[in-house]
Amino acid sequence: DSGVTQTPKHLITATGQRVTLRCSPRSGDLSVYWYQQSLDQGLQFLIQYYNGEERAKGNILERFSAQQFPDLHSELNLSSLELGDSALYFCASSTQSGDTGELFFGEGSRLTVL
Amino acid sequence: KNQVEQSPQSLIILEGKNCTLQCNYTVSPFSNLRWYKQDTGRGPVSLTIMTFSENTKSNGRYTATLDADTKQSSLHITASQLSDSASYICVVRPHQAGTALIFGKGTTLSVSS
């Protein structure tokens, strides 16, 4: 158990809809990262937050947005969903702002868009 | 372009045998190189983290090596077990601040009895 909690574990929705994925980092970790893993693809970095502020941005679509709240949990919002958005979405946390430290991953949220 | 390439894409070995997974990268300069194990449908779990100045690091039956001159890393698994069946992912952290980790696509290892 990494200590990172993601909900929901599974989500099935239709094209055009909007969903919110939630992540609670390990106790004491200030950084939260979001990754997308499509079938047979490597993990793609979406966005990073550190202590409530956006720290780094990867290949995140404009239809996607995220935020980190004062209690350090984070939410990833996916809107106008397309079939290609079906993937595993992972959250990871670390104590540090840069990627120099250990990353602890949650178990992921599997999104299926029909 | 910064890339991380892993080989083989997949591998099947018998329980008890050893195996070596390869990682070639073009990221330069870099701060550290990591190996993760990802069970099917689960989150990746860190096996080793090596800085650019380290040559080898072990974690139980897992030993990672790094050759910064040739930009190659390998993960050696000794006396494989059925529970080693998973995807093994090589990840490189570029030195440039604010640059995200670069993930390889992974090697899928299947250990059979």
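Residues numbered from 1 in each chain as written. Chains lettered and ligands numbered in written order. Predicted model: local features only at pLDDT ≥ 70, side-chain atom pairs only at ≥ 80, totals over all residues. Heavy atoms only, no water.

Caption draft 1: Highlighting the side chain of Arg34 of chain B. Inspection of the secondary structure assignment puts Arg34 of chain B in strand 4 (residues 30-38). Although Arg34 of chain B is buried, it makes no salt bridge; Glu102 of chain A carries the closest opposite charge, 4.8 Å away. A polar contact of 3.4 Å, which involves the side chain of Arg34 of chain B, links it to the side chain of Tyr36 of chain B. (Helix = DSSP H or I, 4+ residues; strand = E, 2+ residues; numbered from the N terminus. Buried < 20%, exposed > 50% of the residue type's maximum accessible area, 1.4 Å probe, protein only. Lys, Arg positive; Asp, Glu negative; His and termini not counted. Salt bridge = Lys/Arg side-chain N within 4 Å of Asp/Glu carboxyl O. Polar contact = N/O pair within 3.5 Å; in protein donor to acceptor, adjacent residues only side chain to side chain.)

Caption draft 2: A look at the interface of chain A and chain B. In this complex, chain A contributes 19 residues to the contact, which on the side of chain B involves 19 residues. The contact between chain A and chain B buries some 1500 Å² in all, and 52% of this surface belongs to carbon and sulfur atoms. With a shortest N-O distance of 2.3 Å, Glu107 of chain A and Arg42 of chain B are connected by a salt bridge. Our count for the chain A to chain B interface comes out at 3 residue pairs in polar contact (both at pLDDT 80 or more). Counted by class, the side of chain A that touches chain B contains 8 nonpolar, 6 polar and 5 charged residues. (Contact = heavy atoms within 4.5 Å. Buried area = accessible area lost by both parts, 1.4 Å probe. Nonpolar A, V, L, I, M, F, W, Y, C, P; charged D, E, K, R; others polar.)

Caption draft 3: Structural view of the state of the cysteines. Residues and elements named next belong to chain A. Under the criterion given, the structure shown has 2 disulfides over all chains. The disulfide partner of Cys23 is Cys91, and the S-S distance across this bridge is 1.8 Å. Since a negative S-S torsion denotes a left-handed disulfide, the Cys23-Cys91 link at about -50° is left-handed. Here Cys23 is found in strand 3 (residues 19-24), whereas its partner Cys91 is found in strand 9 (residues 87-94), with 68 residues between them in sequence. Since its relative accessible area comes to 0%, Cys91 is described here as buried. (Disulfide = S-S within 2.5 Å.)

Caption draft 4: Quick look at the environment of Lys17 of chain B. Tracing the chain through its elements places Lys17 of chain B in the loop between strand 2 (10-14) and strand 3 (19-25). A sequence separation of 92 residues divides Lys17 of chain B from Leu109 of chain B, and the C-alpha atoms of the two residues are 12 Å apart.

Caption draft 5: Structural context of the pairing of strand 11 (residues 107-112) of chain B. Residues and elements named next belong to chain B. Of the two faces of strand 11, the one holding Thr107, Leu109 and Val111 is buried and the one holding Thr108, Ser110 and Ser112 is not buried anywhere. Both strand 2 and strand 11 contribute to a ladder of 5 bridges, which runs parallel. Its bridge partner lying in strand 11, Ile13 is registered against Val111. Sheet topology places strand 9 (residues 86-94) next to strand 11; 3 bridges connect them, and they run antiparallel. Across the sheet, the residue bridging to Ser87 is Thr108, located in strand 11. (Pairing = 2+ DSSP bridges.)

Such coordinate-based values are descriptive only and should not be taken to indicate function.
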